Amino acid sequence: MKTLNLSDYKIEVGDVWTKVNTFLNENTFSKLAVIVDENTVKDCLPIFRENVKGHSFHLIEIPSGEKNKTIATCQTIWQRMMEHGLDRHSLVINLGGGVIGDMGGFCAATFKRGMAFIQIPTTLLAQVDASIGGKLGIDFNEVKNAIGLFQNPKAVFIDPIFLKTLSYKELRSGFAEIIKHGLIADVNLWNDIVAVEDIYDFEMEDLIYRSLLVKQNVVEQDPFEKGIRKVLNFGHTIGHALESVALNSNKPLLHGEAIAIGMVCEAWLSQKENELSATNLKTISHYIIGLYGKSMLSETDFPQYLEIMSQDKKNQGKTINFTYLKGLGSSVFDCTSAEDSILDSLRYYNSLTL
Ligand SMILES: NC(=O)c1ccc[n+]([C@@H]2O[C@H](COP(=O)([O-])OP(=O)(O)OC[C@H]3O[C@@H](n4cnc5c(N)ncnc54)[C@H](O)[C@@H]3O)[C@@H](O)[C@H]2O)c1
């Protein structure tokens, strides 16, 4: 059991249930509501019920998945909050992946001008990434996270036990963010990542904790993404574009699968435009391809990728913004690349062999 002390809340990692009960006993809330989706209601709620004693709560169930991270689902959540009589002194408990964390947090932060919420993330992606940093929101007009705000939870409780019911693909998707945290800031974390033989048969607690330490260090220096927080976007400029195009295709990519490809391409740019050595580029590429396999990128989609990258909200003006690696565990933000180089990085990915 480990604790991260952030400036205004704590993240507990491990067998968290004593801490959850203490939190609920020490704070007085007028009512409790737990938000779940159709998967976490069956896979995660029983664990929550078994371990949280002496508290009654209202259940708010929503449909799962990114396609439901919408204002329509928020209306359902707010409706249920009203029906259950929640008020500004109530607590919302988000029991689910990043979709529930982002949207449940957004609904809590806006209902009656804001009530408290805690995150109990149940996917690896949510445990190492979405649950920390205070970004809340929903998609709008097919633009990811277009509406939202920054607000921290009262606490985050991360129990790796939830990972046992996650599919291999979902687990591997979340693992991409751990890889990113190692690559941008912690070479020892990277070395321990590449030593893992089978991510599905591995006790994740230590890697989750160390991955969170990287993100904590960054978000506390820059809570509103004005500067250094942009290092967390390594792999995401290209990865988000691939993810968006794939969403509307018959071969959708999970977030982390797209980010994995994005990291290979952006590592190539880091070697071409910055200090990353050819040896390190090769190491990164082979590790990622070995874990995620290959999804050939079609040249016909290249213009659309560039168009999406040019609309990224992290850009300044028309320039596409990147984070580059300087080495393993070291990165630099606010870098730019010409469109031809970006396209060549996609071709580099396509040229790799398993
Ligand atoms: N706020 C942030 O800083 C931040 C950072 C990264 C990602 N995100 C957001 O996170 C979202 C993606 O998160 P995600 O990958 O967790 O997606 P998700 O919440 O859709 O969960 C993925 C799937 O796993 C299921 N699931 C969740 N926990 C489970 C469990 N323990 N066992 C079995 N099934 C389970 C869900 O029902 C869903 O079908 C995106 O909307 C993204 O924008 C936010």
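Residues numbered from 1 in each chain as written. Predicted model: local features only at pLDDT ≥ 70, side-chain atom pairs only at ≥ 80, totals over all residues. Heavy atoms only, no water.

1. Some points on the overall build of the protein chain
Part 1 of the reasoning: The helix and strand inventory of the protein chain stands at 14 helices and eleven strands.
Part 2 of the reasoning: For 354 residues, the compact-globule estimate of 2.2 N^0.38 gives 20 Å, and the protein chain sits close to it at 20 Å.
Part 3 of the reasoning: Referenced to the eigenvectors of the C-alpha coordinate spread, the extents of the protein chain come out at roughly 60 × 40 × 35 Å.
Part 4 of the reasoning: Out of the 354 residues in the protein chain, the part that is buried amounts to 56%.
Part 5 of the reasoning: Within the protein chain, counting contacts between residues at least 6 apart in sequence, those at least 24 apart form 75% of the total. (Helix = DSSP H or I, 4+ residues; strand = E, 2+ residues; numbered from the N terminus. Rg over C-alpha atoms; globule rule 2.2 N^0.38 Å. Buried < 20%, exposed > 50% of the residue type's maximum accessible area, 1.4 Å probe, protein only. Contact = heavy atoms within 4.5 Å.)

2. Focus: helix H12 (residues 278-292)
Given 3.6 residues to a turn, an α-helix orients residues that are three or four positions apart in the same direction.
Part 1 of the reasoning: With 15 residues, H12 should reach 21 Å at 1.5 Å per residue; the first-to-last C-alpha distance of 21 Å fits that figure.
Part 2 of the reasoning: Inspection of H12 places Asn280, Leu281, Ile284, Ser285, Tyr287, Ile288, Ile289, Leu291 and Tyr292 among the buried residues, and these make up the whole buried set.
Part 3 of the reasoning: Looking at the packing, one finds that the buried side of H12 touches helix H7 (168-185), helix H8 (187-194), helix H11 (255-273), strand S10 (321-327) and helix H14 (339-351).
Part 4 of the reasoning: Trailing H12 by a residue or two, Gly293 shows a phi angle of about 70°, which is positive. (Expected span 1.5 Å × (residues − 1).)

3. Some details on the site of the ligand
Part 1 of the reasoning: Surrounding the ligand, one finds 26 residues, the nearest of these being Asp37, Glu66, Lys69, Thr123 and Thr165.
Part 2 of the reasoning: At 2.7 Å from an oxygen atom of the ligand is found a side-chain nitrogen or oxygen belonging to Lys69.
Part 3 of the reasoning: Contact between the ligand and Asp102: a nitrogen atom at 3.0 Å from a side-chain N or O atom of the residue.
Part 4 of the reasoning: When the ligand is considered free in solution it has 870 Å² of accessible area, and contact with the protein chains removes 89% of it.
Part 5 of the reasoning: Those elements that provide at least two residues to the shell around the ligand are helix H2 (40-43), helix H5 (98-110), helix H6 (124-130) and strand S8 (143-150). (Near = heavy atom within 4 Å. Polar contact = N/O pair within 3.5 Å; in protein donor to acceptor, adjacent residues only side chain to side chain. Areas by Shrake-Rupley, 256 points an atom, 1.4 Å probe, with all protein chains shown as cover.)

4. Considering empty space enclosed by the protein
Part 1 of the reasoning: The full count for this structure, using the stated rule, is two cavities of 30 Å³ or more.
Part 2 of the reasoning: The calculated volume of the largest cavity comes to roughly 40 Å³.
Part 3 of the reasoning: Forming the boundary of the largest cavity are Asn94, Gly96, Gly97, Gly98, Gly101, Gln119, Ile120, Pro121, Ala126, Ala130 and Ser131.
Part 4 of the reasoning: Counting residues per element, the lining of the largest cavity draws most heavily on strand S6 (residues 116-121), at three residues. (1 Å grid on protein atoms, 1.4 Å probe; cavity = no way out; pocket = protein on both sides within 12 Å on 5 of 7 lines; lining within 4 Å. Points joined across faces, edges and corners; volume = space filled by probe spheres on them.)

5. Topic: the domain arrangement of the protein chain
Part 1 of the reasoning: Entries for the protein chain in the domain assignment read domain 1 (2-165) and domain 2 (171-351).
Part 2 of the reasoning: In this structure, domain 1 and domain 2 have C-alpha centres spaced 27 Å apart.
Part 3 of the reasoning: Carbon and sulfur atoms supply 65% of the area buried between domain 1 and domain 2, which totals about 2,300 Å² over both sides.
Part 4 of the reasoning: The interface formed by domain 1 and domain 2 holds four salt bridges in total.
Part 5 of the reasoning: Measuring nitrogen to oxygen at the nearest pair gives 2.6 Å for the salt bridge that ties Asp129 to Lys215.
Part 6 of the reasoning: For the interface between domain 1 and domain 2, the tally reads six residue pairs in polar contact (both at pLDDT 80 or more).
Part 7 of the reasoning: For the side of domain 1 that touches domain 2, the secondary-structure elements that each account for two or more residues are strand S1 (2-5), strand S2 (10-13), H6 and S8.
Part 8 of the reasoning: Looking at the side of domain 1 that touches domain 2, the element that brings in the most residues is H6, giving five residues. (Domains from an automatic or database assignment. Buried area = accessible area lost by both parts, 1.4 Å probe. Salt bridge = Lys/Arg side-chain N within 4 Å of Asp/Glu carboxyl O.)

6. Overview of the packing of aromatic side chains
Part 1 of the reasoning: This model, assessed by the stated rule, comprises twelve aromatic pairs.
Part 2 of the reasoning: Where Phe23 meets Phe157, the ring centres are 5.9 Å apart and the plane angle is 65°; that geometry is what we call edge-to-face. Remark: Phe157 occurs in strand S9 (residues 155-158) and Phe23 occurs in helix H1 (residues 17-26); sequence separation between them is 134 residues. Across this residue pair, the class does not change: Phe23 and Phe157 are buried.
Part 3 of the reasoning: Geometrically, the ring pair formed by Trp190 and Tyr287 is edge-to-face, given 5.5 Å between the ring centres and 80° between the ring planes. One end of the pair, Trp190, is in helix H8; the other, Tyr287, is in helix H12, and 97 residues separate them in sequence.
Part 4 of the reasoning: Among the residues examined, Trp190 registers a relative accessible area of 2% and is labelled buried.
Part 5 of the reasoning: Relative accessible area serves as the criterion here: at 16%, Tyr287 is assigned to the buried category.
Part 6 of the reasoning: Each member of the aromatic cluster is reached from another via a ring pair, and the members are Trp17, Phe48, Phe57 and Phe162.
Part 7 of the reasoning: One Lys or Arg, Lys294, reaches over the ring of Tyr349 and ends 5.6 Å from the middle of that ring. (Phe/Tyr/Trp six-rings, centres within 6.5 Å; stacked < 30°, edge-to-face > 60°. Lys NZ or Arg CZ within 6 Å of the ring centre and 35° of its normal.)

7. Considerations on the sheet that holds S2
Hydrogen bonding along the main chain pairs the strands of a sheet, whether they run parallel or antiparallel.
Part 1 of the reasoning: Pairing is mixed in the open sheet, where seven strands are placed in the order S1-S2-S9-S6-S5-S3-S4. The open sheet has two edge strands, S1 and strand S4 (58-62), and neither has a second partner. Ignoring strand direction, the axes of neighbouring strands in this sheet form an average angle of 20°.
Part 2 of the reasoning: Taken together, the two bridges between S6 and S9 define a ladder with parallel strand orientation. Looking at S9, one finds that Gln119 is bridged to Val156.
Part 3 of the reasoning: Packing of helix H4 (residues 71-83) onto the sheet brings it into contact with strand S3 (32-37), S4 and strand S5 (91-96), and relative to S4 it is tilted by some 165°.
Part 4 of the reasoning: Of the strands in this sheet, S3, S4, S5 and S6 are in contact with H5, which crosses S5 at around 165°. (Pairing = 2+ DSSP bridges. Axes fitted to C-alpha atoms, helices over the stretch in contact; angles between N-to-C directions.)

8. So, a nonpolar patch on the surface
Part 1 of the reasoning: Judged by side-chain polarity, Ile71, Phe140 and Ile147 come together as a nonpolar surface patch covering roughly 240 Å² of accessible area.
Part 2 of the reasoning: Within the fold, Phe140 resides in strand S7 (residues 135-140). (Patch = residues over 30% accessible without salt bridge, like charges linked within 9 Å, V, L, I, M, F, W, Y side chains within 5 Å.)

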